[in-house]
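# Summary of structural features
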Amino acid sequence: MRSSAAILQELEDESIEILRETAATFRKPVLLYSIGKDSTVILHLARKAFYPAPIPFPLLHVDSTWNFREMITFRDEVVKQHNLNLIVHINQDGLRDGITPFSNGISEYIRVMNTVALKQAFDQHGFDAAIGGSRRDEERSRAKERIFSVRESGYQWNPRDQRPELWRTYNTKLRPEQTMRVFPISDWTELDIWNYIWQENIYVNPLYFAKKRPMVRRGEQLIMVDDERYPLEPGEKPEMMMVRFRTLGCYPLTAGVESTATSMEEVVEEITGVRLSERATRLIDGDNEDSMEKKKREGYF
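Reading the values: the criteria
- Residues numbered from 1 in each chain as written.
- Predicted model: local features only at pLDDT ≥ 70, side-chain atom pairs only at ≥ 80, totals over all residues.
- Heavy atoms only, no water.
- Helix = DSSP H or I, 4+ residues; strand = E, 2+ residues; numbered from the N terminus.
- Buried < 20%, exposed > 50% of the residue type's maximum accessible area, 1.4 Å probe, protein only.
- Contact = heavy atoms within 4.5 Å.
- Areas by Shrake-Rupley, 256 points an atom, 1.4 Å probe, with all protein chains shown as cover.
- Pairing = 2+ DSSP bridges.
- Axes fitted to C-alpha atoms, helices over the stretch in contact; angles between N-to-C directions.
- Phe/Tyr/Trp six-rings, centres within 6.5 Å; stacked < 30°, edge-to-face > 60°.
- Lys, Arg positive; Asp, Glu negative; His and termini not counted.
- Salt bridge = Lys/Arg side-chain N within 4 Å of Asp/Glu carboxyl O.
- Polar contact = N/O pair within 3.5 Å; in protein donor to acceptor, adjacent residues only side chain to side chain.
- Arc of directions from axis to C-beta.

### Here we look at the overall build of the protein
In terms of helices and strands, the protein carries eight helices and ten strands. In the protein, which comprises 301 residues, the share counted as buried stands at 53%. The long-range share in the protein, meaning contacts at least 24 apart out of those at least 6 apart in sequence, stands at 74%. Of the roughly 14,400 Å² of accessible surface on the protein, 49% is carried by carbon and sulfur atoms.

Written out as structure tokens, the structure is:
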């Protein structure tokens, strides 16, 4: 039986090969930096892939303006530490129109401040390939992606039109109007990610570790009240709870989990015993008309 270290080495080798292929093939690729653990791992892999040269493509953060404050602090710290070329894009039209997770509904907010914003950034900068941190084990629509996943005109995704990838033979050719989404860690699991972070001693956002945080309970979900914009119910008061986050995004749409895991070892131990995907704590997912697959078909990453 292969050891955990051997499995991680194989995954790292595959991911580095994909990143180098992307840099060599596409005219203007970009790394989508969401500031979470997966994009942090991809950033680490990219630095390894091209060392001692700098990463040959910029990073792009599509900022909805509703990220956890600790995410933005962490982003700026990492960019400064590694002297990275970061592009931050905000949909100014959506900002002007007052689009928030509360004003227009979750689906419309995600469409305007994430999907439309990503399309705007592609159009503005002329990117032909976007590297992202989606993994096949996250949820069903992401399991339908190829490692090199074609998007048609308007950045639309059709899972039936994806190309076969036989024996690791990648088809990276693009027709006019097409772009590519690239998923270097598609074959990794959440546990692989955390074991690799532990093995490589990668600095990740402190939100992944348990700490007393101001939380409110909405249905079965625990939401952190990260700033004064979060609307409380009449008589509602945030309660300090030991909570960590398995996934990071817009704070009103990202639920925490009660936990005492304050170290890397404890987080890995906790993840080992969990069977529910971390996407279960994201309020934007579901099996209804606003499912992830529908969002991806419209251009969401």
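### Let's talk about the sheet that holds strand β10 (residues 255-258)
Spatially, the four strands close up into a barrel ordered β7-β8-β10-β9, and their pairing is antiparallel. Put simply, the sheet's adjacent strands are angled 70 degrees from each other on average, direction ignored.

### Observations regarding the packing of aromatic side chains
Evaluation of the coordinates by the stated rule reveals 13 aromatic pairs. A centroid spacing of 5.0 Å and a plane angle of 50 degrees characterise the contact between F74 and Y203, whose relative ring orientation is tilted. Taken together, the residues span a long stretch of sequence, with F74 in helix α3 (residues 69-82) and Y203 in the loop between α6 (190-200) and β7 (211-218) at a distance of 129 residues. Between F102 and Y230, the aromatic rings sit 5.5 Å apart at their centres with planes inclined by 80 degrees, giving edge-to-face as the arrangement. Residue F102 is found in the loop between α4 (92-96) and α5 (106-125), and its partner Y230 is found in the loop between β8 (221-224) and β9 (239-244); the two are separated by 128 residues along the sequence. Of the residues examined, F102 reaches a relative accessible area of 37% and is grouped as partly exposed. The rings of W66, F68, F102, Y230, F245 and Y251 are connected pair by pair, giving a single aromatic cluster.

### Notes on the side chain of D128
Of note, D128 is situated in the loop between α5 and β4 (129-131). The side chain of D128 is buried and forms no salt bridge, while R27, the nearest opposite charge, is found at 4.3 Å. Within polar-contact distance, the side chain of D128 engages the backbone nitrogen of R27 at 2.8 Å. Leave out the neighbours within four places in its chain, and D128 touches F26, R27, K28, P29, L174, T179 and M180.

### Remarks on helix α7 (residues 264-272)
Those residues of α7 that fall on the buried side of the exposure criterion are M264, V267, V268 and I271. All buried residues of α7 lie within an arc of 100 degrees about the axis, which places them on one face of the element. Relative to its buried face, α7 has exposed residues pointing more than 90 degrees away, namely E265 and E269.

### Points about the pattern of salt bridges
A full pass over the atoms with the stated rule returns 15 salt bridges. Here R217 and E258 are joined by a salt bridge, their closest N and O atoms 3.9 Å apart. Here R217 is found in strand β7, whereas its partner E258 is found in strand β10, with 41 residues between them in sequence. Residue classification places R217 among the partly exposed residues on the basis of a relative accessible area of 47%. One connected set of salt bridges, linked through shared partners, spans E12, K48 and E200.

### What about the environment of R146?
Tracing the sequence through the fold places R146 in the loop between β4 and β5 (148-151). Using a relative accessible area of 25% as the deciding quantity, one classes R146 as partly exposed.

### Thoughts on the environment of W66
Relative to the helices and strands, W66 is located in the loop between β2 (59-62) and α3. We classify W66 as buried; its relative accessible area is 5%. Beyond its immediate chain neighbours, meaning those up to four positions away, W66 contacts T100, P101, F102, Y109, R229, G249, C250, Y251 and P252.

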